[in-house]
Amino acid sequence: MNLQGMISVLLTTAGIGELHYIKGATTWYSMGFSVYICYGTLVLYYGAILYIVASRRRFLESGKILETLTCIGIAGGILAIQICFLDVANQ
């Protein structure tokens, strides 16, 4: 496990006691410091992937650049929607 992963696990574990639950339309959702750390970690890793692909685009075939960035963009959109709208994933 890398340093960022260990920090994420330690911070998530440290905040477990502060979890509280929100009733959604289909289920209950845990919220609190630990959940926000997980969201932040996802966003950081997504940003790292986006940066790596964008900085190495010269190694991709010209036809693959748009396809690759489109897939990354769709994944980022799904990530943002699931973070902002909790019930969307269960509909």
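Residues numbered from 1 in each chain as written. Predicted model: local features only at pLDDT ≥ 70, side-chain atom pairs only at ≥ 80, totals over all residues. Heavy atoms only, no water.

Draft legend 1. Just the packing of helix H1 (residues 3-14) against helix H2 (residues 33-55), in detail. For the pair H1 and H2, interaxial distance at closest approach is 8 Å and the crossing angle is 165 degrees. The angle between H1 and H2 falls in the class roughly antiparallel. Note on packing geometry: the crossing formed by H1 with H2 is left-handed. Contact residues: H1 offers Gln4, Gly5, Ser8, Leu11 and Thr12, while H2 offers Phe33, Ser34, Ile37, Cys38, Thr41 and Tyr45. (Axes fitted to C-alpha atoms, helices over the stretch in contact; angles between N-to-C directions. Helix = DSSP H or I, 4+ residues; strand = E, 2+ residues; numbered from the N terminus. Parallel < 35°, antiparallel > 145°, perpendicular 65-115°, else oblique. Left-handed = near helix turned anticlockwise from the far one by under 90°. Contact = heavy atoms within 4.5 Å.)

Draft legend 2. Spatial organisation of a nonpolar patch on the surface. Together, Leu3, Met6, Ile7, Leu11 and Phe33 make up a nonpolar patch on the protein surface, roughly 440 Å² of accessible area in all. It is H1 that provides the largest number of residues to the nonpolar patch, a total of 4 residues. (Patch = residues over 30% accessible without salt bridge, like charges linked within 9 Å, V, L, I, M, F, W, Y side chains within 5 Å. Areas by Shrake-Rupley, 256 points an atom, 1.4 Å probe, with all protein chains shown as cover. Salt bridge = Lys/Arg side-chain N within 4 Å of Asp/Glu carboxyl O.)

Draft legend 3. Quick look at the side chain of Ser34. Looking at where Ser34 falls in the secondary structure, it is placed in helix H2. A relative accessible area of 3% places Ser34 in the buried class. (Buried < 20%, exposed > 50% of the residue type's maximum accessible area, 1.4 Å probe, protein only.)

Draft legend 4. Geometry of the pairing of strand S2 (residues 28-31). Burial of the side chains of S2 is restricted to one face: Tyr29 and Met31 are buried, whereas none of Trp28 and Ser30 on the reverse face is. Looking at chain direction, strand S1 (residues 20-23) and S2 are connected through 4 bridges and run antiparallel. Looking across to S2, one finds that Lys23 is bridged to Trp28. (Pairing = 2+ DSSP bridges.)

Draft legend 5. Representation of H1. Counted at 1.5 Å a residue, the expected span for H1 with its 12 residues is 16 Å, and the 16 Å between its end C-alpha atoms agrees. Among the residues of H1, Gly5, Ser8 and Thr12 are the ones counted as buried. Looking down the long axis of H1, one finds its buried residues gathered within 60 degrees of arc, a one-sided arrangement. Projecting away from the buried face of H1 at angles above 90 degrees are the exposed residues Leu3, Leu10, Thr13 and Ala14. (Expected span 1.5 Å × (residues − 1). Arc of directions from axis to C-beta.)

Draft legend 6. The packing of H2 against helix H3 (residues 62-84), seen in detail. The interhelical angle for the contact between H2 and H3, taken along N-to-C directions, is 170 degrees, at an axis separation of 11 Å. Taken as axis vectors, H2 and H3 run roughly antiparallel relative to one another. Together, Tyr39, Leu42, Val43, Tyr46, Ile49, Leu50 and Val53 of H2 and Thr68, Leu69, Ile72, Gly73, Ala75, Gly76, Leu79 and Ile83 of H3 make up the contact between the two elements. In the contact of H2 with H3, the residues fall into 12 nonpolar, 3 polar and no charged. (Nonpolar A, V, L, I, M, F, W, Y, C, P; charged D, E, K, R; others polar.)

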